[in-house]
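Chains, contacts and geometry: an overview
Listed here are the chains, written in short residue letters.
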Amino acid sequence: MMKKRQNAELRKPDILKNYYQVILKEGIEGASIAKVAKKMKINPSLIIHYFTNKDNMTVELVDYMSRVYNRLFLDMKIETSDPQKRLDRLVEIFCSDEWYNNTDLSGDYSIISLSFRNKKVLKHLQNMYEEYVKLIVKELETATATGKVKIADPGRTAELIVSMLEGYRHFKHFFIDESASESYRQDMMRTLKNIIKNG
């Protein structure tokens, strides 16, 4: 039983990564268990064994994406104990290419569009954002606890940060020319730091 669980823990993330790649190529409607299996050169029955159906696989993909962002967040190198510098570094990471390119915008849109028709996917997306906000709140509360940084409402400030970052990513893709990308990133970081400062 333990070996089966270990195999699932190793195999399922690989299947989900390949599912995401198929979504990028085919769209959420065009993606299927058969196409994922073909891409991975495995029997579709193996995917069905782990996920039962495409809907379950999509829900688990949302959870997988959430874990990837959480891991990236927790693994961030913030080599300072100064609370203000730590928050500034946090903003830099949120606006970094590593964070920005962690998932593909077209794949994200595919899953978001499905959430309008699938309540289970919607719920798991909401959970993902809730975890995202909680991680930021924890950082803001830790900084506030030192007495060196004043943030009146860490929860609302975290929500504003997430809203800004989501808008930044989408607007940049559709509107900002590559030549102006770095200038736009710097402006966004200054804006986020001001939101935290005035929080």
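Details of the structure are given in the entry above.
Procedures and definitions
- Residues numbered from 1 in each chain as written.
- Predicted model: local features only at pLDDT ≥ 70, side-chain atom pairs only at ≥ 80, totals over all residues.
- Heavy atoms only, no water.
- Helix = DSSP H or I, 4+ residues; strand = E, 2+ residues; numbered from the N terminus.
- Buried < 20%, exposed > 50% of the residue type's maximum accessible area, 1.4 Å probe, protein only.
- Expected span 1.5 Å × (residues − 1).
- Polar contact = N/O pair within 3.5 Å; in protein donor to acceptor, adjacent residues only side chain to side chain.
- Salt bridge = Lys/Arg side-chain N within 4 Å of Asp/Glu carboxyl O.
- Contact = heavy atoms within 4.5 Å.
- Phe/Tyr/Trp six-rings, centres within 6.5 Å; stacked < 30°, edge-to-face > 60°.
- Lys NZ or Arg CZ within 6 Å of the ring centre and 35° of its normal.
- Axes fitted to C-alpha atoms, helices over the stretch in contact; angles between N-to-C directions.
- Parallel < 35°, antiparallel > 145°, perpendicular 65-115°, else oblique.
- Left-handed = near helix turned anticlockwise from the far one by under 90°.
- Nonpolar A, V, L, I, M, F, W, Y, C, P; charged D, E, K, R; others polar.

**A short note on unusual backbone geometry**
The backbone of Lys 41 shows a phi angle near 60 degrees, a positive value even though the residue is not glycine. Relative to the helices and strands, Lys 41 resides in the loop between helix H2 (33-40) and helix H3 (44-51). Residue class for Lys 41 comes out exposed when judged on its relative accessible area of 78%. The phi torsion at Thr 52 lies on the positive side, around 75 degrees, for a residue other than glycine. For Thr 52, the location among the structural elements is in the loop between H3 and helix H4 (54-74).

**Focus: the environment of Pro 13**
Along the chain, Pro 13 falls in helix H1 (residues 2-30). As a C-alpha pair, Pro 13 and Lys 85 span 72 residues in sequence and 35 Å in three-dimensional space.

**Focus: the side chain of Ser 110**
Structurally, Ser 110 is set in helix H7 (residues 105-115). Its relative accessible area of 14% is what places Ser 110 among the buried residues.

**A look at H4**
Counted at 1.5 Å a residue, the expected span for H4 with its 21 residues is 30 Å, and the 30 Å between its end C-alpha atoms agrees. For H4, the set of buried residues is Met 57, Thr 58, Val 59, Leu 61, Val 62, Tyr 64, Met 65, Ser 66, Tyr 69, Asn 70, Leu 72 and Phe 73. At the N-terminal boundary of H4, the capping side chain belongs to Asn 53, with an oxygen 3.2 Å from the backbone nitrogen of Asp 55.

**Things to note about the pattern of salt bridges**
Opposite charge on two side chains permits them to pair, given that their charged atoms come into close proximity. Across all of its chains, the model carries 12 salt bridges by this definition. The partner of Arg 11 in a salt bridge is Asp 14, and the shortest N-O contact between them spans 3.5 Å. Residue Arg 11 and its partner Asp 14 are located together in helix H1, separated by three residues, close to a single helical turn. One salt bridge in this structure joins Asp 187 and Arg 190, with 2.3 Å as the shortest N-O distance. Of this pair, Asp 187 and Arg 190 both sit in helix H10 (residues 181-197), separated by three residues, roughly a single helical turn. Among the residues examined, Arg 190 registers a relative accessible area of 47% and is labelled partly exposed. Among the ionic contacts, a cluster of salt bridges with common partners joins Glu 130, Glu 131 and Lys 134.

**So, the environment of Val 121**
Note that Val 121 resides in helix H8 (residues 119-145). Leave out the neighbours within four places in its chain, and Val 121 touches Thr 58, Val 59, Val 62, Ile 111, Leu 114 and Ser 115.

**Let's talk about the packing of aromatic side chains**
Taken as a whole and assessed by the stated rule, the structure comprises nine aromatic pairs. Ring centres of Trp 99 and Tyr 132 lie 5.9 Å apart, and the angle between their planes is 35 degrees; this geometry places the pair in the tilted category. Here Trp 99, found in helix H6 (residues 97-100), pairs with Tyr 132, found in helix H8; they are 33 residues apart in sequence, far enough to count as distant. The class of Tyr 132 is buried, set by a relative accessible area of 13%. In this structure, Arg 169 is placed above the aromatic ring of Tyr 100, and the distance from its NZ or CZ to the ring centre is 5.6 Å. The ring of Tyr 100 has Lys 172 lying over it, and the distance from NZ or CZ to the ring centre is 4.4 Å.

**Here we look at the packing of H3 against H4**
It is the contact of H3 with H4, at a shortest axis distance of 9 Å, that shows an interaxial angle of 65 degrees. In this view, H3 runs roughly perpendicular relative to H4, as classed from their interaxial angle. In the packing of H3 onto H4, the handedness of the crossing is left-handed. From H3, Ile 47, Tyr 50 and Phe 51 reach across to H4, where they touch Asn 56, Met 57 and Glu 60. Across the contact of H3 with H4, the residue classes tally to four nonpolar, one polar and one charged.

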